[in-house]
Amino acid sequence: MLGDTSFDDTAGGDRPDRRALILVENLSVPFDRRVWQECTTLRDAGWEVHVICPRGEKRDTEPEAVIDGVRIHRYPLRAATGGPAGYLREYGTALWHTARLARKIGPVDVVHACNPPDLLFLPALWLKRRGARFVFDQHDLVPELYLSRFDRGEDLLYRAVCALERRTYRAADVVLATNESYRDVAMRRGGRRPEDVFVVRSAPQTDRFQPVPPEPELKRGKPHLLCYLGVMGPQDGVDYALRALAKLRDEMGRTDWHAVFVGAGDAFDAMVELSRRLGLSEQVQFTGRIPDAELVRYLSTADVCLSPDPRNPLNDVSTMNKVLEYMAMGRPIVSFDLREARVSAGDAAVYAPANDEAEFAGLIALLLDDPEKRARMGKIGQERISGQLSWRNSQASLLAAYAAACRDQIPVSAGDPVRTRKRQRR
């Protein structure tokens, strides 16, 4: 529960008929940790919270669920394959189901759309015409994501995603940005006023990331354990990490480590194959997605954690969740030198020149040889997570954004659509 009841007043939480509808397309809920934190923050502030999202494959599979008071409505969705046509099918299906479920839910005060893709402004506009306010939660800069993922340059599809981003900015009443770099884009490229853009940083759930005693057997007989946690997509740099590990072994003669890569994604199979081609199969373990308790065991045992995201238009300005999660666990980090990586980690990480795999390997070796430095860095990370980067600060910003969006708005009545229409005509 929130400790400051004034948040409830400014966000409309003292009026129990306030209803928020959160739209998500690329992850299920509550698996999407950022969205789930936003849901529970709004719930604790007195909002009735609904979520529309896709079903998960192995979890979050029920079509409907009420979890901790949050009402979740899920639809079946097959991830895109086969290029642009596959994305058109995926997004078309998602939009159809989102509109269908939104009609079922009925009137809401706020529609809160999380990208990607920048297409959810379409159902949001439909709800705006029925009295809702639109909060755009910009998880990714989709034009930069397109450039970084597909390597097609500024082609026709790139210009299309730029146009969709502009339409989304224009339709929103307020914008939530994950960091100051994204906030700058919203103002500079989106033309939004500073007072309409709120920084709501992602933050790890500290109750999920509680260190446990290390388990030496996870190191597979080696003195040290290296750990990667996160998505494995084309832009996430797992290939950079693997090549750096090959250099650590072949060029620096270091075989005193075992590495575990936790997570899944589009590039998972390709990364397993790359590891095999590099001759790393005996020293590198891929777990796929694993339960939280198992993840915490690995992170608690890890000597160094890896954040190998290469510099590209997206990564340089994005906050990496894995960096925050490493910090919550008190682990030292090796990262490439990215603008927002330095903002997040500060002295909890060491930074190799962008995309330089040899330097990345050298910094791993440096930390493996300096346990005192590792301990200092881990402590710095935990202090940052419990202080300036804590979710408490983002809670305040989220509720301030809702208060700004709902200023002078008359709450809808979920049980009386006729009265709601009359209010909208006033």
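Refer to the preceding data block for the structure.
Residues numbered from 1 in each chain as written. Predicted model: local features only at pLDDT ≥ 70, side-chain atom pairs only at ≥ 80, totals over all residues. Heavy atoms only, no water.

## Focus: the overall build of the chain
Along its length, the chain carries 16 helices and 14 strands. With respect to the principal axes defined by its C-alpha atoms, the chain has extents near 75 × 50 × 40 Å. The buried share of the chain, reckoned over its 426 residues, is 57%. Taking contacts inside the chain between residues at least 6 apart in sequence as the whole, the part at least 24 apart equals 70%. (Helix = DSSP H or I, 4+ residues; strand = E, 2+ residues; numbered from the N terminus. Buried < 20%, exposed > 50% of the residue type's maximum accessible area, 1.4 Å probe, protein only. Contact = heavy atoms within 4.5 Å.)

## Comments concerning the environment of Val49
In this fold, Val49 is placed in strand E2 (residues 48-54). Excluding residues that lie within four positions of it along the chain, Val49 makes contacts with Ala20, Ile22, Cys39, Leu42, Arg43, Val70 and Arg71.

## Structural notes on the packing of aromatic side chains
Across all of its chains, the model carries 11 aromatic pairs by this definition. Taking 4.9 Å as the distance between ring centres and 45° as the angle between the ring planes, the aromatic pair formed by Phe336 and Phe360 counts as tilted. Residue Phe336 is located in strand E13 (residues 333-336), and its partner Phe360 is located in helix H13 (residues 357-368); the two are separated by 24 residues in the primary sequence. Members of the aromatic cluster, connected to one another through ring pairs, are Tyr87, Tyr91, Tyr146, Phe150 and Tyr158. (Phe/Tyr/Trp six-rings, centres within 6.5 Å; stacked < 30°, edge-to-face > 60°.)

## Structural notes on helix H8 (residues 238-250)
End to end, H8 covers 18 Å across 13 residues, agreeing with the expected 18 Å (1.5 Å per residue, within 8%). Within H8 the residues assigned to the buried category are Val238, Asp239, Tyr240, Ala241, Leu242, Ala244, Leu245, Ala246, Leu248 and Arg249. (Expected span 1.5 Å × (residues − 1).)

## Details of the sheet that holds E13
The strand order E11-E10-E9-E12-E13-E14 describes an open sheet built from 6 strands, whose pairing is parallel. Strands at the two margins of the open sheet, each flanked by one partner only, are strand E11 (284-288) and strand E14 (349-352). Averaged over all pairs of adjacent strands, the angle between their axes in this sheet comes to 25°, without regard to strand direction. In the packing of helix H14 (residues 371-386) onto the sheet, contacts are made with strand E9 (224-229), strand E12 (304-307), E13 and E14, and the angle to E14 comes to roughly 110°. (Pairing = 2+ DSSP bridges. Axes fitted to C-alpha atoms, helices over the stretch in contact; angles between N-to-C directions.)

## Re the layout of surface pockets
Computed from the structure, the second largest pocket encloses a volume of approximately 370 Å³. Among the secondary structure elements, those contributing two or more residues to the lining of the second largest pocket are helix H2 (33-44), H14 and helix H15 (391-405). Top element by residues in the lining of the second largest pocket is H2. It accounts for 5 residues. Taken together, the residues of the lining of the second largest pocket break down into 4 nonpolar, 8 polar and 4 charged. (1 Å grid on protein atoms, 1.4 Å probe; cavity = no way out; pocket = protein on both sides within 12 Å on 5 of 7 lines; lining within 4 Å. Points joined across faces, edges and corners; volume = space filled by probe spheres on them. Nonpolar A, V, L, I, M, F, W, Y, C, P; charged D, E, K, R; others polar.)

## Thoughts on the nonpolar core
Generally speaking, a soluble globular protein has its nonpolar side chains buried in company with each other. Judged by nonpolar contacts, the single largest core of 65 residues is most densely connected at Leu245 and Phe261. A total of 8 residues in this core trace back to one element, the largest contributor, which is H8. In this structure, Tyr75, Ile105, Phe136 and Leu314 belong to the second largest nonpolar core, which totals 31 residues. (Core = buried A, V, L, I, M, F, W, Y, C linked by side-chain atoms within 4.5 Å.)

## Quick notes on empty space enclosed by the protein
The final tally for this structure, using the stated rule, is 1 cavity of 30 Å³ or more. Of the volumes computed, that of the largest cavity is approximately 30 Å³. Forming the boundary of the largest cavity are Ala113, Cys114, Asn115, Pro117, Asp118, Leu119, Leu120, Phe121, Phe134, Phe136 and Thr168. Here the residues of the lining of the largest cavity are counted per class, giving 8 nonpolar, 2 polar and 1 charged.

## Description of the pairing of strand E10 (residues 257-262)
Most of E10 is tucked away, with 6 of its 6 residues classed as buried. A two-sided burial pattern is seen for E10, the buried positions comprising Trp257, Ala259 and Phe261 on one face and His258, Val260 and Val262 on the other. Regarding topology, H8 serves as the crossover connection from E9 to the parallel E10, and that connection is right-handed. By the bridge criterion, 4 bridges tie E10 to E11 in an arrangement that is parallel. (Right-handed = clockwise from strand over helix to strand, strands pointing away.)

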